[in-house]
Amino acid sequence: GGAGTGDYLAANIKKLRASKADKSKLAYRAWLMSELPVHGANGYSGYPDDSAAMGNLWIGWTLEFFVEMFACLHQGKDTSQSVDAAYAQTLYNHQNFAQRFAFKAAMGRLPNRDAIFKLLTGSGTVEDVKRDLGEFVRLARPLAAFCATVNNEFDELCKAEKKKKR
């Protein structure tokens with residue numbers, strides 16, 4: 001899906017579902033923090049790739065990118081301008097050279113703004129799409145920020161645990 005980004009997002013959601021975090025925790029933050037002991041196996045250095053912490057990290061970063069890209073499209077910018085602006089302020093800072101190259105190649109296959117709007121229109125109108133994009137940005141921006149906040153809290157807990165082990 002979506003130039004490969006859907007598969008990437010699905011893989012990170014799978015990390016959340018397969019996590020060793022305590023499934024009895026009802027709040028997302030508490031659930032994610034309950035995974036902390038699993039990270040002791042690697043000395044609290046970095047996140048294991050299959051962990052919920054890694055899934056949360058990349059879901060947050062990916063969501064942040066799409067929020068900013070759709071915000072730019074909503075403001076009237078074309079697809080390439082929107083992708084470039086959103087990428088520069090989000091994912092670029094977290095990807096290595098190979099990831100950047102692959103991402104830019106995938107995003108380069110996206111249609112222009114009018115074609116994206118036509119795809120998203122369905123049985124609605126372009127005005128519906130504009131309104132929906134605005135709503136997505138309004139609702140998803142705080143969600144992306146929440147993922148980042150929870151990640152920072154988790155990272156601080158890992159650092160504290162690592163310091164205790166010294």
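Described in the following lines is the structure provided in the data block. (Residues numbered from 1 in each chain as written. Predicted model: local features only at pLDDT ≥ 70, side-chain atom pairs only at ≥ 80, totals over all residues. Heavy atoms only, no water.)

## Comments concerning the overall build of the protein
Point 1. For the protein, the count of helices and strands is seven helices and zero strands.
Point 2. Ordered by position from N to C terminus, the α and β elements of the protein give α-α-α-α-α-α-α.
Point 3. Taking the principal axes of its C-alpha atoms as reference, the protein extends roughly 55 × 35 × 25 Å.
Point 4. Out of the 166 residues in the protein, the part that is buried amounts to 37%.
Point 5. Nonlocal contacts in the protein, meaning residues at least 24 apart in sequence, comprise 63% of its contacts between residues at least 6 apart.
Point 6. Summed over all atoms, the accessible surface of the protein reaches about 9,600 Å², with 58% contributed by carbon and sulfur. (Helix = DSSP H or I, 4+ residues; strand = E, 2+ residues; numbered from the N terminus. Buried < 20%, exposed > 50% of the residue type's maximum accessible area, 1.4 Å probe, protein only. Contact = heavy atoms within 4.5 Å. Areas by Shrake-Rupley, 256 points an atom, 1.4 Å probe, with all protein chains shown as cover.)

## Some points on the state of the cysteines
Point 1. Counted under the stated rule, the structure contains zero disulfides.
Point 2. Among the cysteines around Cys147, which has no disulfide bond, Cys158 carries the closest sulfur, lying 16 Å off.
Point 3. Residue classification places Cys158 among the buried residues on the basis of a relative accessible area of 2%. (Disulfide = S-S within 2.5 Å.)

## Here we look at the packing of helix H4 (residues 79–89) against helix H5 (residues 97–107)
Point 1. The N-to-C vectors of H4 and H5 enclose an angle of 155°; their axes lie 11 Å apart at closest approach. When the axis of H4 is compared with that of H5, the two are roughly antiparallel. Both H4 and H5 take part in a crossing whose hand is right-handed. Taken together, the residues of H5 that come into contact with H4 (itself represented by Val83, Asp84 and Tyr87) are Arg100, Phe103, Lys104 and Met107.
Point 2. Broken down by class, the residue content of the contact of H4 with H5 amounts to four nonpolar, no polar and three charged. (Axes fitted to C-alpha atoms, helices over the stretch in contact; angles between N-to-C directions. Parallel < 35°, antiparallel > 145°, perpendicular 65-115°, else oblique. Left-handed = near helix turned anticlockwise from the far one by under 90°. Nonpolar A, V, L, I, M, F, W, Y, C, P; charged D, E, K, R; others polar.)

## Let's talk about the nonpolar core
Point 1. If you look at the biggest cluster of nonpolar residues, it comprises 39 residues, and the most contacted ones within it are Tyr47, Phe65, Met69, Phe70, Leu73, Leu91 and Phe154.
Point 2. Those elements giving two or more residues to this core turn out to be helix H2 (28–33), helix H3 (52–74), H4, H5, helix H6 (113–121) and helix H7 (126–165).
Point 3. The biggest single contributor to this core is H3, with 15 residues.
Point 4. Sequence-distant contacts of Leu73, that is, excluding residues within four places in its chain, are made with Asp78, Thr79, Ser82, Arg113, Ile116, Phe117 and Leu133. (Core = buried A, V, L, I, M, F, W, Y, C linked by side-chain atoms within 4.5 Å.)

Geometric values such as these leave the question of function open.
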